[in-house]
Amino acid sequence: MAKNKDKNIIDYDILVDRALRNVVKSIIQFTIDEKDLGNHHFFITFKTNHPNVNIPQKFLETYPDEMTIVLQHQFWNLKLEEDSFSVTLSFNGKHENLKIAFDSITQFTDPSTDFALQFASLNKEIEEEKIHKNNSSKKDPKVKPNQNSKNKKNNSGEVISLDNFRKTR
């Protein structure tokens, strides 16, 4: 049986990406379970135009590409689902509900421990296929062309980019 050298049978990029996103999921579960997190707090940057993100329209208008939230002292109703989490945060004194898909997260940082994960788009074709599939079932898709983030932060810490593990094709 001849092996096809041009085709990767095991997609390590996707396996590593899923494993690291599960780290974020585990941290969200730990945050739900623990009453006192000490100095831990989390900066979570996510794609606002991701089809499985549900945030108020005014946030989409202000942050059409990416948004960073902070889970520290003032957050409520943190709930974990299989592919997402939801949380209530205070913005200018008003409580807002957000639902954030794990696939939409581009960066996760805990500045108290200098720990950070950075996620990159692994495979544009897979990502576009997911977005197209999700949008075809919606009447009013939220996906917009990528634009520069209005809310980028320089966070100190160790950033692990999946690009370092990719083979060039």
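For every chain, the first residue of the written sequence is number 1, and numbering continues from 1 along that sequence. Predicted model: local features are reported for residues with pLDDT of at least 70 only, side-chain atom pairs are reported and counted for 80 or more only, and whole-chain, interface and lining totals are derived from all residues. The basis for every side-chain value is the complete set of heavy atoms in the structure, and neither hydrogens nor water enter the calculation.

Some remarks on the overall build of the chain
Heads up, the rule is: Strands are runs of DSSP state E lasting at least 2 residues, helices are runs of H or I lasting at least 4, and numbering of each runs from the N terminus. In this scheme, a residue with accessible area under 20% of its type's maximum is buried, one over 50% is exposed, and one in between is partly exposed, where area comes from a 1.4 Å probe on protein chains only. Every residue pair with non-hydrogen atoms within 4.5 Å of one another is taken to be in contact. Note on areas: Shrake-Rupley, 1.4 Å probe, and residue coverage restricted to the protein chains presented here.
Looking only at helices and strands, one finds 3 helices and 8 strands in the chain. In the chain, the order of α-helices and β-strands from amino to carboxyl end is α-β-α-β-β-β-β-β-β-α-β. Burial statistics for the chain: of 169 residues in total, 37% are counted as buried. Of the contacts made within the chain by residues no fewer than 6 positions apart, 62% connect residues no fewer than 24 positions apart. As displayed, the chain offers around 11,500 Å² of accessible surface, 47% of which is attributable to carbon and sulfur atoms.

Observations concerning the sheet that holds strand β5 (residues 94–101)
Within a beta sheet, neighbouring strands are joined by backbone hydrogen bonds and run either parallel or antiparallel to one another. The line we're drawing: For two strands to be treated as a pair, DSSP must find no fewer than two bridges joining them. The angle between two axes is taken between their N-to-C directions and runs from 0 to 180 degrees, where each axis is a line fitted to C-alpha atoms and a helix contributes only its stretch in contact.
Read from one edge to the other, the open sheet built from 3 strands follows the order β3-β4-β5, with strand pairing classed as antiparallel. Only two strands of the sheet have a single neighbouring strand rather than two, namely β3 (75–80) and β5. Pairs of neighbouring strands in the sheet enclose a mean axial angle of 15°, with direction left out of account. Direction of pairing for strand β4 (residues 84–91) relative to β5: antiparallel, over a ladder of 8 bridges.

As for helix α1 (residues 12–33)
Inclusion rule: For a helix, the expected span equals 1.5 Å multiplied by the residue count minus one. By definition, the arc is the one covered by directions from the helix axis to the C-beta atoms.
Given a rise of 1.5 Å per residue, 22 residues ought to cover 32 Å, and the 31 Å separating the end C-alpha atoms of α1 matches this to within 8%. Looking at α1, one finds that the buried residues are Asp-13, Ile-14, Asp-17, Leu-20, Arg-21, Val-24, Lys-25, Ile-27, Ile-28 and Thr-31. The buried residues of α1 occupy one face: seen down the axis, they fall within an arc of 155°. Facing away from the buried side of α1, by more than 90 degrees, are the exposed residues Tyr-12, Arg-18 and Asp-33.

Observations concerning the packing of aromatic side chains
Here is the rule we go by: When two rings of Phe, Tyr or Trp (its six-membered ring) have centres within 6.5 Å they constitute a pair, described as stacked for plane angles under 30 degrees, edge-to-face for angles over 60, and tilted for the intermediate range. Lysine NZ or arginine CZ positioned within 6 Å of the ring centre and within 35 degrees of the ring normal marks a charge as sitting over the ring.
Taken as a whole and assessed by the stated rule, the structure comprises 3 aromatic pairs. A centroid spacing of 5.8 Å and a plane angle of 45° characterise the contact between Phe-85 and Phe-102, whose relative ring orientation is tilted. Of this pair, Phe-85 sits in strand β4 while Phe-102 sits in the loop between β5 and β6 (105–110), and the two are 17 residues apart along the sequence. Just as Phe-85 is buried, Phe-102 falls in that class too. One Lys or Arg, Arg-21, reaches over the ring of Phe-119 and ends 4.3 Å from the middle of that ring.

Looking at the pattern of salt bridges
Close approach of charged atoms lets side chains of opposite charge pair. Heads up, the condition is: Take a side-chain nitrogen of Lys or Arg and a carboxyl oxygen of Asp or Glu: if they are within 4 Å of each other, that pair is a salt bridge.
Tallied over the full model, the rule gives 6 salt bridges. Glu-96 serves as the salt-bridge partner of Lys-58, at 2.8 Å between the closest nitrogen and oxygen. Of this pair, Lys-58 sits in helix α2 (residues 57–62) while Glu-96 sits in strand β5, and the two are 38 residues apart along the sequence. When salt bridges with common partners are traced through the structure, they connect Lys-58, Lys-94 and Glu-96 into a single cluster.

Considerations on the confidence of the model for the chain
Our working rule: pLDDT is a per-residue confidence score from the predictor, ranging from 0 to 100.
Chain-level pLDDT for the chain is 78 on average; 67% of the residues reach the 70-or-more range. In this model, residues 164–169 is a region of pLDDT below 50 whose contacts with residues beyond four sequence positions or in other chains number 7 contacts.

Re the environment of Ser-104
Secondary-structure assignment places Ser-104 in the loop between β5 and β6. Ser-104 gets classed as buried once you look at its relative accessible area, which sits at 1%. For the pair Ser-104 and Phe-46, spaced 58 residues apart in sequence, the C-alpha to C-alpha distance is 5.2 Å. Ignoring anything within four residues of it in the chain, the contact list for Ser-104 reads Arg-21, Thr-45, Phe-46, Lys-47, His-50 and Val-53.

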